[in-house]
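Below, each chain spelled out in residue letters.
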2 protein chains.
Amino acid sequence: MLDHSATWDGLPAATQALIVTNTTVGPLYAARLQQALAGRFGQVHVLQLPDGEGYKSWDSLNQVFDALLSHACDRKTMLFALGGGVVGDLTGFAAACYMRGVPFVQVPTTLLAQVDSSVGGKTAINHPLGKNMIGAFYQPLRVVCDLDTLRTLPAREISAGLAEVIKYGPICDLAFLDWIDSNLEALRRLDPAALAYAVRRSCEIKAAVVGQDERETGLRAILNFGHTFGHAIEAGLGYGQWLHGEAVGCGMVLAARLSQRLGLLSAQRVQHLSDLIGRAGLPVRAPRLEPDPVANASRYLDLMRIDKKSEAGQLRFVLVDDAGAPHLQPVPDALVREVIEAGCA
Amino acid sequence: MLDHSATWDGLPAATQALIVTNTTVGPLYAARLQQALAGRFGQVHVLQLPDGEGYKSWDSLNQVFDALLSHACDRKTMLFALGGGVVGDLTGFAAACYMRGVPFVQVPTTLLAQVDSSVGGKTAINHPLGKNMIGAFYQPLRVVCDLDTLRTLPAREISAGLAEVIKYGPICDLAFLDWIDSNLEALRRLDPAALAYAVRRSCEIKAAVVGQDERETGLRAILNFGHTFGHAIEAGLGYGQWLHGEAVGCGMVLAARLSQRLGLLSAQRVQHLSDLIGRAGLPVRAPRLEPDPVANASRYLDLMRIDKKSEAGQLRFVLVDDAGAPHLQPVPDALVREVIEAGCA
Ligand SMILES: NC(=O)c1ccc[n+]([C@@H]2O[C@H](COP(=O)([O-])OP(=O)(O)OC[C@H]3O[C@@H](n4cnc5c(N)ncnc54)[C@H](O)[C@@H]3O)[C@@H](O)[C@H]2O)c1
Ligand SMILES: NC(=O)c1ccc[n+]([C@@H]2O[C@H](COP(=O)([O-])OP(=O)(O)OC[C@H]3O[C@@H](n4cnc5c(N)ncnc54)[C@H](O)[C@@H]3O)[C@@H](O)[C@H]2O)c1
Ligand SMILES: [Zn+2]
Ligand SMILES: [Zn+2]
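Residues numbered from 1 in each chain as written. Chains lettered and ligands numbered in written order. Predicted model: local features only at pLDDT ≥ 70, side-chain atom pairs only at ≥ 80, totals over all residues. Heavy atoms only, no water.

Labelled according to an unreviewed UniProt entry, chain A appears under the name 3-dehydroquinate synthase, originating from Serpentinimonas raichei. Its UniProt record gives chain A the following Function (unreviewed entry) comment, quoted word for word: "Catalyzes the conversion of 3-deoxy-D-arabino-heptulosonate 7-phosphate (DAHP) to dehydroquinate (DHQ)." Per UniProt, the comment on chain A under Sequence similarities (unreviewed entry) is "Belongs to the sugar phosphate cyclases superfamily. Dehydroquinate synthase family." (UniProt positions renumbered as here; feature names shortened; annotations may be inferred.)

A. Spatial organisation of the sheet that holds strand E3 (residues 78–83) of chain A. Residues and elements named next belong to chain A. Strand order in the open sheet made by the five strands is E2-E1-E3-E4-E7, with parallel pairing throughout. The outermost strands of the open sheet, each flanked by one partner alone, are strand E2 (43–49) and strand E7 (142–143). As defined by bridge partners, strand E1 (residues 16–22) adjoins E3 across four bridges and the pair is classed as parallel. Directly across from Leu18, in E3, lies its bridge partner Leu79. Sheet strands in contact with helix H1 (residues 25–38) are E1, E2, E3 and strand E4 (104–108), and its direction is about 165 degrees off that of E1. Where helix H3 (residues 85–97) meets the sheet, it contacts E1, E2, E3 and E4, and its direction lies at approximately 165 degrees from that of E3. (Pairing = 2+ DSSP bridges. Helix = DSSP H or I, 4+ residues; strand = E, 2+ residues; numbered from the N terminus. Contact = heavy atoms within 4.5 Å. Axes fitted to C-alpha atoms, helices over the stretch in contact; angles between N-to-C directions.)

B. Structural context of the domain arrangement of chain A. Residue and element names in this part refer to chain A. Here the domain parsing of chain A yields domain 1 (5–151) and domain 2 (154–344). For domain 1 versus domain 2, the separation of C-alpha centres amounts to 27 Å. Contacts between the two partners involve 22 residues from domain 1 and, on the opposite side, 31 residues from domain 2. Both sides of the domain 1 and domain 2 interface together cover about 2,300 Å² of buried area, and 65% of this is carbon and sulfur. Between domain 1 and domain 2 we count three salt bridges in total. (Domains from an automatic or database assignment. Buried area = accessible area lost by both parts, 1.4 Å probe. Salt bridge = Lys/Arg side-chain N within 4 Å of Asp/Glu carboxyl O.)

C. Molecular detail of the site of ligand 2. Residues and elements named next belong to chain B. Of all residues adjacent to ligand 2, which total 27 residues, the nearest are Lys56, Gly85, Thr109, Thr110 and Thr152. Between an oxygen atom of ligand 2 and a side-chain N or O atom of Asp51, the distance comes to 2.7 Å. Between ligand 2 and the protein, one listed contact pairs an oxygen atom with a side-chain N or O atom of Thr110 at 2.6 Å. Notes on ligand 2: free accessible area 860 Å², of which the protein chains cover 91%. Elements that contribute at least two residues to the shell around ligand 2 include exactly helix H1 (25–38), helix H3 (85–97), helix H4 (111–117), strand E6 (130–137) and helix H5 (155–172). When the residues that make up the shell around ligand 2 are grouped by side-chain class, the tally is six nonpolar, eleven polar and ten charged. (Near = heavy atom within 4 Å. Polar contact = N/O pair within 3.5 Å; in protein donor to acceptor, adjacent residues only side chain to side chain. Areas by Shrake-Rupley, 256 points an atom, 1.4 Å probe, with all protein chains shown as cover. Nonpolar A, V, L, I, M, F, W, Y, C, P; charged D, E, K, R; others polar.)

D. Broad picture of the pairing of strand E5 (residues 122–127) of chain A. Residues and elements named next belong to chain A. Summarising burial for E5: six of the six residues are buried, a large majority. Pairing of E5 with strand E6 (residues 130–137) involves five bridges; the strand directions are antiparallel. Bridge pairing links Lys122 to Phe137 in E6. As consecutive antiparallel partners, E5 and E6 are separated by two residues. (Buried < 20%, exposed > 50% of the residue type's maximum accessible area, 1.4 Å probe, protein only.)

E. Examining helix H9 (residues 244–261) of chain B more closely. Residue and element names in this part refer to chain B. Here H9 contains 18 residues, and its C-alpha end-to-end distance of 25 Å stays within 8% of the 26 Å for a straight helix at 1.5 Å per residue. The buried fraction of H9 amounts to 15 of the 18 residues, a majority that puts the element mostly inside the structure. Phi turns positive one or two residues past the end of H9, at Gly263, with a value near 80 degrees. (Expected span 1.5 Å × (residues − 1).)

Here it is as structure tokens:
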């Protein structure tokens, strides 16, 4: 699909385009995309960045700017983000900043990017002191999901993407959660019909939530179900140890337990979610960051406090209930500590 | 005024504030501002960057992020840009990107910043390959102009600021141009009433133009009268040799001559504008960038082509006419060359 010229009909005219990709995805798909775009732009440049979350950095961002400026790219130049969420977030942010904004297109090639990161306009890079700390809200012109590209994606990455698919269930659509439950094995073996439905429904839910709160002043935060714990896991282990989706999977189990502790969610629902996450090939037990239990919980709390959901020192969590509704609320540290201690491996 | 607590009434609540300033302005005004804000924020941090256009850079931007992150500043943290356009543009961009956007307040302390850069929401940093290449459209919560701060500003900087005041005349308000003509000496000696009127009228005109075209898709470009030549002068001499306002002053003379060559502006009006710019203490003859005349014009053209007003290689200029109306149009290279050759010292 991404290599069909017709896929790109209707994009505004520009003399130059820049495909930003990485050293894993580039060799697989960049030439096809470049050829499909060749008739539409005078020049289609390709920039291949190193692969990895660690390269969602200042340094990579500067490489995009250097490429744009060395080709004397103007304000109409179109950027194409060809890759997973790392390439998408970084390229989107580069597009947001280059000459105060040039158009860009998302071409997500991971399940996570297709169901989550490419939709909604959040772009960012990491800072040594925190993930996604520097960024912008900036919408792509278009998102093109080619499900065929998922065939080259490692199974571990498919599982990580499933974490974000699963998250849409507990926060607002229990029917979708049931559908996932029935189709999980089909999804894991990349059954085209199952994949197509999961991607479409995920994007619909995300777009509906974001449409009501683009700048994340309230509702949008529900998409971060499992993410407050998840970010702590990613930061605590060092980025790249666990995949984002793995950390989120495990984070959802902790968030569900916290919901249970507050009387919102039944033990049965917690168990069901935890089982589903396990069946998706994701970890359900949190990593121990410190040998001592008290120190371990403190470390989690510290890491969560620097996360942006923490305002004025008050830790707020996305919790869920038995009716499939989200609750965004502050939680006493003591309860969080209990859940961490009970949830750690 | 900036040191009166009442000046800051009505700002939203936040636990932390960060004043970004530089080593020249900080020692003069930061303590007063910090004191005035002390009652309103739990903590008011101050970050002093080195002084100069060369520090409108990645590196300085990172220093702002480092300061914010090391104080664990959240999404409500308010940034205050205390200084000239350099501090304002950089701080505004930092505010646009930190956690995808935190509120910020402009406290401009140069004439140029008070009449131009603090209004309109353009923020940016420079890239070694081009000025203001990386940035965002991001509006300040409030702009607080304390005219008293201009008393410590060097006369050369006052002149540079007057260039931006003057530019509002030819592009849309000949009556204001006449007023400036009659009040130029009062402005240069910082007469409070004259200054207050010039700042107010400048901001009104800029806000009216920006209000019709925030993202600079058309009309807003008229505010760049003199800037295409000006940016070439700044880049050609190396940033910091000529002040931005000096380059713009001289650039307006070249743009007026180009308008004359195209039959839009009378010789008399060109002379009048050139005289006014000279009386403001600004250069009216362009610097020679190459000894050979042809090579010199080519160098100007090359530098202007990388400027963002150049799209698809076509150079477009803001021109003005005898009725005080702007014209944004492409101009043949040959005419531009003639004007550069005639206008160089
Ligand atoms: N913007 C948002 O709203 C949002 C939402 C969720 C996550 N994110 C971000 O997304 C990032 C994670 O995204 P991700 O999970 O896609 O990680 P990723 O971009 O690192 O991709 C995972 C791995 O798969 C490789 N890959 C990508 N496509 C492939 C393909 N078709 N075949 C073979 N290999 C392929 C990549 O090179 C990489 O090694 C994180 O940085 C996270 O912060 C952003
Ligand atoms: N964002 C916009 O729309 C816009 C418009 C025009 C210019 N700009 C930008 O503004 C910058 C130029 O701004 P500028 O002319 O204010 O330069 P500047 O910020 O460098 O200030 C000029 C000098 O005056 C000093 N200074 C500032 N206030 C002072 C005071 N009250 N007393 C004594 N010294 C003081 C500064 O430290 C500096 O040395 C350029 O980077 C330009 O690109 C932006
Ligand atoms: Zn996520
Ligand atoms: Zn200017």
